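In case you want the letters, here they are:
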Amino acid sequence: MPTITYREAIRQALRIELKENPELILLGEDIGAYGGSYSVTKGFLEEFGAERVVDTPIVESSLIGLSIGAAMAGMRPVVELMTINFALKAIDQIINNAAKIRFMFGGQFSAPLVIRAVSGWGQLGPTHSQSFENYFAYAPGLMVVMPSSPNDAKGLLLTAMRGKDPVLFIEHALLYSTQGDVPEGKEGIPLGLSDIKRRGKDVSIVAYSRMVLLALQAAQQLSKDGIEVEVVDLRCLRPMDLGLAVSSLKKTGRALVLSEDWPSCSIASEVAARLQNEAFDYLDAPIGLLVSKDVPVAYARNLEAATLPNVSDIVGAVRALLS
Amino acid sequence: MDKEHAQALYHEMLLIRQFEDKAAEMYALGKIGGFLHLYSGEEAVAVGALNALRPDDDLFTSYRDHGYALARGCDPKAVMAELFGRETGLCKGRGGSMHLADASRHFWGGYAIVTGHLPLAAGMAYAHQHRKTEHLVLCVFGDGASNAGEFHETMNVAKVWSLPVLFLCENNLYAMGTSTREASAQSEMYKKGCSYGIESWQVDGMDVEAVEASIEKAAAFIRSGKGPVFVEALTYRFRGHSMADPELYRNKAEVEEWKKRDPIPRFLEGCLANKLLSREDADRISSEVERQVSEAVSFADASPEPSLNSLFDFVSA
């Protein structure tokens, strides 16, 4: 099985569907001649032409609205939002239109578009370093996907582009260069299923996106001390499958929920609450939460690093759960 | 204008007027809930516009959408049932007054977030352009929308991409209760279209023939591949913004002045004078409309509410 980057996995999925589905178009800010701000669509303009790879003005709200309209007409728009932060400019279109259209018109039609947005950080300052998956996973009618590996990125994106309803597909800027084994071929991975990324018997870590990688690194360190961590990757935040996480927690009796979002009203707090409901009688310790500090993400390197959870924080949190 | 067409225009306008009067009555009786934005006074705009277009041209509107649904040929029974929140409604009781739609008639919905549907209309127009079809998209909004961001974003992209979209601005002088004078730096809405280089003009929205001719001209321009058109229809709503509006912001004299230009008697008088309609025709149409509206209410009232078992229908995730 070839080893490729997360970026290349996404490119493969896009290229497969561009070739398979003549109604599929890519839209976004600087995705054509510029190649995409994270180079995901580099070369696509030359390969597929300006009718399939469409540069738009910098108008996130209308960009999503346009794509919804095209999707209602039967096309398959795949829109790139340069960062999830810009999705706030489009949140009305995403929540009030994309997520509602099938429902509010009594199932007559839907808006099957895929919104690819980039989460992450890297000395980008307070407005460009935020996690907003909770805002979008909150609303019924919109699927929210956050893959952690190249394999999941390719398979989940393929499925998203073939579905009947809108999907928000959140990539992580710091994952683009990470590598993994990815099968060739066109097979998708079903949306709404979690995945075990590492088996263990002592503590369960429930995470998604980049935090899965950090959890795996922490698990490796802890393993040297005989602590075996099980890592459950949620992969999709809506619909959210907690089945594997609950089984894991019933086995280990201890769980740590990890995410890059802020503590209040976060995906992590939601997961912790649901796990407690499902597995209360099996808990040997309160469910641990490890998320960002409750402060905007600063530009300064040291402040930024102190705001986001890191591997040693995870190791510490796991040890605390066991003590 | 032939007799048959004159009858159709008169019938459609009268149907909307009486449907809306009945809806107001049903609201007062508690049969209809929430917000109810009536189209009374503006009938000539919807009827004139939709008669100028092909039935498979696409339609997006704001939340003041009953008139457009009826003028598009939606069954008044299904429209009333939607207002009543019944399973037999156009949208199975999920959308209500502000969110009517009928995909079979290329009516893609009433949208209740001001400006929210403008980019959708442009997006559908983009799809038509991409597929090289002759369809155009009619996008209806009020004067209030023209002050907001997505209006300008959509004007810009429609012109840049030369999209087959017809922007129809219903300038009824008030964005809810705030007059255009107080809310808009430019009180002539079509000039906002001009500022994007879009072919734009005004039409008397109280004159159904003028609206029809104006939209026909706009449609021909768009179908010839020359890009979008912006038409501003000068109109007036005879009732409040919604049924919850005590109308403190405008005086009765102004309302009365506009009522003298009521599009329905105005059109009827013209048709009587030109022998396009007879008194008998008018009476027959009036009784037919009365029957349609009364049947719509009976149908809605007798229709079941959506089953609670269907609570989670139409939600994918």
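My aim in this report is to walk through the structure given alongside it, one point at a time.

Procedures and definitions
Residues numbered from 1 in each chain as written. Chains lettered and ligands numbered in written order. Predicted model: local features only at pLDDT ≥ 70, side-chain atom pairs only at ≥ 80, totals over all residues. Heavy atoms only, no water. Helix = DSSP H or I, 4+ residues; strand = E, 2+ residues; numbered from the N terminus. Rg over C-alpha atoms; globule rule 2.2 N^0.38 Å. Contact = heavy atoms within 4.5 Å. Areas by Shrake-Rupley, 256 points an atom, 1.4 Å probe, with all protein chains shown as cover. Lys, Arg positive; Asp, Glu negative; His and termini not counted. Charge placed at Lys NZ, Arg CZ, Asp CG, Glu CD. Buried < 20%, exposed > 50% of the residue type's maximum accessible area, 1.4 Å probe, protein only. Core = buried A, V, L, I, M, F, W, Y, C linked by side-chain atoms within 4.5 Å. Domains from an automatic or database assignment. Phe/Tyr/Trp six-rings, centres within 6.5 Å; stacked < 30°, edge-to-face > 60°. Lys NZ or Arg CZ within 6 Å of the ring centre and 35° of its normal.

**Side note on the overall build of chain A**
The helix and strand inventory of chain A stands at 12 helices and 14 strands. Radius of gyration (C-alpha) of chain A: 19 Å, near the 20 Å computed for a compact globule of 323 residues. Dimensions along the principal axes, computed over C-alpha positions, put chain A at roughly 60 × 45 × 40 Å. Long-range contacts, defined as pairs at least 24 residues apart, comprise 82% of the intrachain contacts of chain A with a sequence gap of at least 6. Per element, the accessible surface of chain A, about 11900 Å² overall, is 53% carbon and sulfur. Positive and negative charge centroids in chain A, built from 30 and 36 side chains respectively, lie 3 Å apart.

**Concerning the overall build of chain B**
When its secondary structure is counted, chain B shows 12 helices and eight strands. Whereas a compact globule of 317 residues would reach a radius of gyration of roughly 20 Å, chain B reaches 19 Å, a difference of no more than 12%. Dimensions of chain B along its principal axes, counting C-alpha atoms only, are 60 × 50 × 40 Å. Counting all 317 residues of chain B, 56% fall into the buried class. Summarising the internal contacts of chain B: among those between residues at least 6 apart in sequence, 74% fall at separations of at least 24. Of the roughly 12400 Å² of accessible surface on chain B, 51% is carried by carbon and sulfur atoms.

**Section: the nonpolar core**
Generally speaking, soluble globular proteins have nonpolar side chains that are buried together. By size, the foremost hydrophobic cluster in this structure holds 158 residues, and its most contacted members are Met72, Phe136 and Leu275 of chain A together with Phe141, Leu168 and Phe230 of chain B. The element that contributes the greatest number of residues to this core is helix 1 (residues 3-28) of chain B, accounting for 11 residues. Each of domain 1 (3-181) and domain 2 (195-322) of chain A accounts for three or more of the residues forming this core. Formed by 33 residues, the second largest nonpolar core is a distinct cluster that contains Tyr6, Val114, Val145 and Ala173 of chain A.

**What about the packing of aromatic side chains?**
Tallied over the full model, the rule gives 16 aromatic pairs over all chains. Each ring, one from tyrosine 126 of chain B and one from tryptophan 161 of chain B, has its centre 5.4 Å from the other, and the planes form 50°; the classification is tilted. Pair noted here: tyrosine 126 of chain B is in helix 5 (residues 118-131) and tryptophan 161 of chain B is in the loop between helix 6 (149-160) and strand 4 (165-171), with a separation of 35 residues, a long-range link. Across the pair, tryptophan 161 of chain B and tyrosine 126 of chain B agree in class, each one buried. With 4.9 Å between their ring centres and 5° between their planes, tyrosine 236 of chain B and tryptophan 258 of chain B make a pair best called stacked. Of this pair, tyrosine 236 of chain B sits in the loop between strand 8 (229-234) and helix 10 (252-259) while tryptophan 258 of chain B is found in helix 10, placing the two residues 22 residues apart along the sequence. An aromatic cluster of three or more residues is present, and its members are Phe105 and Phe109 of chain A together with Phe60, Trp108 and Tyr111 of chain B. Above the plane of the ring of tryptophan 201 of chain B lies lysine 217 of chain B, whose end atom (NZ or CZ) is 4.1 Å from the centre.

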